[in-house]
Amino acid sequence: MTKASNEGELVERMGTFTIRRTKHDAEVRAVLPQTVRQVVIVDDGPTAKTAAAIAVDAVAAGDRPLVFAHLRETAAACSREFATLCGSTPVQSALLTGDDPPERRAEKVARIKEAGGPAAAFATIDSTGMGISLSNFDVVIFAEMHAIGTRNLQAEERVYEVTRDRPVGVYYCVRRGTRDEQIARLVCEKLDQADALLGPDRDSESMRGALRGALGGARGTPRPLVDLAQRLRSIGC
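It should be emphasised that the depicted structure is a prediction, and the values quoted were computed from it without experimental measurement.

Analysis parameters
Residues numbered from 1 in each chain as written. Predicted model: local features only at pLDDT ≥ 70, side-chain atom pairs only at ≥ 80, totals over all residues. Heavy atoms only, no water. Salt bridge = Lys/Arg side-chain N within 4 Å of Asp/Glu carboxyl O. Helix = DSSP H or I, 4+ residues; strand = E, 2+ residues; numbered from the N terminus. Buried < 20%, exposed > 50% of the residue type's maximum accessible area, 1.4 Å probe, protein only. Pairing = 2+ DSSP bridges. Expected span 1.5 Å × (residues − 1). Axes fitted to C-alpha atoms, helices over the stretch in contact; angles between N-to-C directions.

Student: Explain the pattern of salt bridges to me, using residue names and the numbers behind them.
Tutor: One pass over the structure, following the stated rule, counts ten salt bridges. In this structure, Arg37 and Asp203 form a salt bridge, with 3.2 Å as the shortest nitrogen-oxygen distance. Taken together, the residues Arg37 in strand β1 (residues 35-42) and Asp203 in helix α8 (residues 202-215) connect sequence positions 166 residues apart. For Arg37, a relative accessible area of 12% gives the class buried. What makes Asp203 buried here is its relative accessible area of 7%.

Student: So, the pairing of strand β6 (residues 168-175): which residues are in play, and what are the values?
Tutor: Along β6, seven of the eight residues are buried, which leaves the element largely enclosed by surrounding structure. Across eight bridges, β1 lies against β6 in parallel orientation. Of the residues in β6, the one forming a bridge with Arg37 is Val170. Here strand β5 (residues 139-142) runs beside β6; their pairing, made up of four bridges, is parallel. When the sheet's bridge partners are listed, Phe142 is paired in β6 with Tyr172.

Student: Before we move on, could you go through helix α3 (residues 47-60) and cite the residues and values that matter?
Tutor: Under the 1.5 Å per step criterion, the end-to-end length of α3 is 20 Å for 14 residues, consistent within 8% with the ideal 20 Å. Most of α3 sits out of view: 13 of its 14 residues are buried. Backbone geometry just after α3 places Gly62 at a positive phi near 95°.

Student: I'd like a rundown of the sheet that holds strand β4 (residues 119-124), residues and numbers included.
Tutor: The strand order across the open sheet formed by six strands is β1-β6-β5-β2-β4-β3, and the pairing between neighbours is parallel. Edge positions in the open sheet fall to β1 and β3 (92-96), since each of these has one partner strand only. Taking the axes of each pair of neighbouring strands and ignoring which way they run, one obtains an average angle of 15° across the sheet. Note that β3 and β4 share five bridges and pair parallel.

Here it is as structure tokens:
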């Protein structure tokens, strides 16, 4: 053992690899916000409409919702439903899909963050990865889930920041008896397999518990449609 420095080697390696602490580290997890997950079972109509209604309610409560979908068509449908529910009430919104290059998506999010005031975003799960900060959103709503469970967890994590002192609310909209329910059950199975191989994960267990609890008979209740203009006035917007 020598006292020689490995600084040169470290600098060289960091030019290729990124070294970071993850949310699985105890010290990091201790300062991350709590995540509160809820499954909303949809009996009639598209999940896009239910997701948009939850987003409207979140905006009226002073939060900034981020609505995720697997397909760009679903994300666009959520955006249209949201605009319809908002009516003439001015609420900033952004649609983030692969139709725009990454820098354009980042610009849309930055514009919302800089402007302040009521806002919402609608995005495909795979369109908001590297280079796009989503920490200014408070509520995450899945109009549809990705069949790979970890993709959904990664999407949730994009709103985390260590300075946040409020819980992050997460809603999963699942229409019973459809492809949505099949995907939700598949997500649970795949997360079971991942935890068996890699060890238990608190967020994975929480997601599986919420999904299985709802699909096993306990029914989530969609939050009611609200008069957005009236709710915004009540909180001084």
